[in-house]
Amino acid sequence: MGGEESTENYSFIVSLQKQRGDDPDGHYCGGTLVAADWVLTAAHCVTTAAGVNDPKPYHVRVGSLDRTRGGEVAQVDKFVVHPGYQAYEDEGSAHDLALIKLSSTVSKKPAPLASRTPAAGETVKATGWGYTKATGNDPSQLPVRHREVELPVLAPDTPECASGEADGDAWGIREGDFCTGNPDGNAGTCGGDSGAPALMKVNGRWQLSGLTSRAVGDCGTTPDIYPSVAEHRDWIRDVIG
């Protein structure tokens, strides 16, 4: 929300897809290629309170700004959820990360993992194919073209990062997360952006700093929360080898 269509091609962007109504390539969540056969996404994209989803119906499209064509397509072999994540129906959890093992390798270039968490006052680029208006969950309203918006990083102890008017601290910041603000009160991530990368440019190269987990309240008007990749880099590397 509040962003614009991407013009730069990112080799590592991923759309996690599954049959959705009549669409065999229905977009569910974003993700980031972190190795030739591994994608990082949000744990809540691949779990319910009952457990981890069956990977067989899913596939990914890698490295295309258009989620309906281009790039490389691969099937999903398995989901590996961070051991510290808890799937709740009515609140967010710390460690909202999962790794997707692909059934085959892809040739697109993975994203480098950030070595530090973005600091207050810095800017990250949030990306994805999420809703551009907070008007519900109609998949036909998801953009086909990849979008991005620059968001300011807030101090983790900012009150608005911890709780919102409607839900208290149910969706607020947790251990290992960072938080961004909403320029002009109408900018940020929304449904469909979950799992998609938050990027920072370091020495002229994009690095994966975080991934979209949730908003504290309504899309675009309350802070957004991201698990920090730097805080979870050891786990990521342990899993992907």
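Residues numbered from 1 in each chain as written. Predicted model: local features only at pLDDT ≥ 70, side-chain atom pairs only at ≥ 80, totals over all residues. Heavy atoms only, no water.

Quick word on the nonpolar core
What counts here: The term nonpolar core refers to a set of buried residues drawn from Ala, Val, Leu, Ile, Met, Phe, Trp, Tyr and Cys, joined through side-chain atoms within 4.5 Å. Here the term buried applies to any residue with accessible area under 20% of the maximum for its type, exposed to any over 50%, and partly exposed to those in between, with areas from a 1.4 Å probe on protein chains only. Counting from the N terminus, the helices are DSSP H or I runs at least four residues long and the strands are E runs at least two residues long. Note on contacts: a residue pair is in contact if any heavy atoms of the two residues lie within 4.5 Å.
Among the nonpolar cores identified, the biggest contains 41 residues, and Phe 12, Leu 16, Leu 33, Leu 40, Val 60, Leu 102 and Leu 208 are the most heavily contacted of them. When contributions to this core are tallied by element, the ones reaching two or more residues are strand S2 (13-20), strand S3 (23-35), strand S4 (38-41), strand S7 (59-62), strand S8 (72-81), strand S9 (98-102), strand S14 (205-211) and helix H2 (233-240). Not counting residues within four places of it along the chain, the set of residues in contact with Leu 33 comprises Phe 12, Val 14, Trp 38, Val 39, Val 62, Leu 102, Val 106, Lys 108, Lys 109, Pro 110 and Ala 111. One finds Val 124, Phe 178, Met 200 and Tyr 226 within the second-largest nonpolar core, a separate group that totals 10 residues.

As for the environment of Tyr 28
Within the fold, Tyr 28 resides in strand S3. On the accessibility criterion, Tyr 28 (28% relative accessible area) is partly exposed. Counting along the chain gives 175 residues from Tyr 28 to Asn 203, while the straight-line C-alpha distance between them is 32 Å. The residues contacting Tyr 28, other than those within four sequence positions of it, are Leu 16, Lys 18, Gln 19, Arg 20 and Gly 192.

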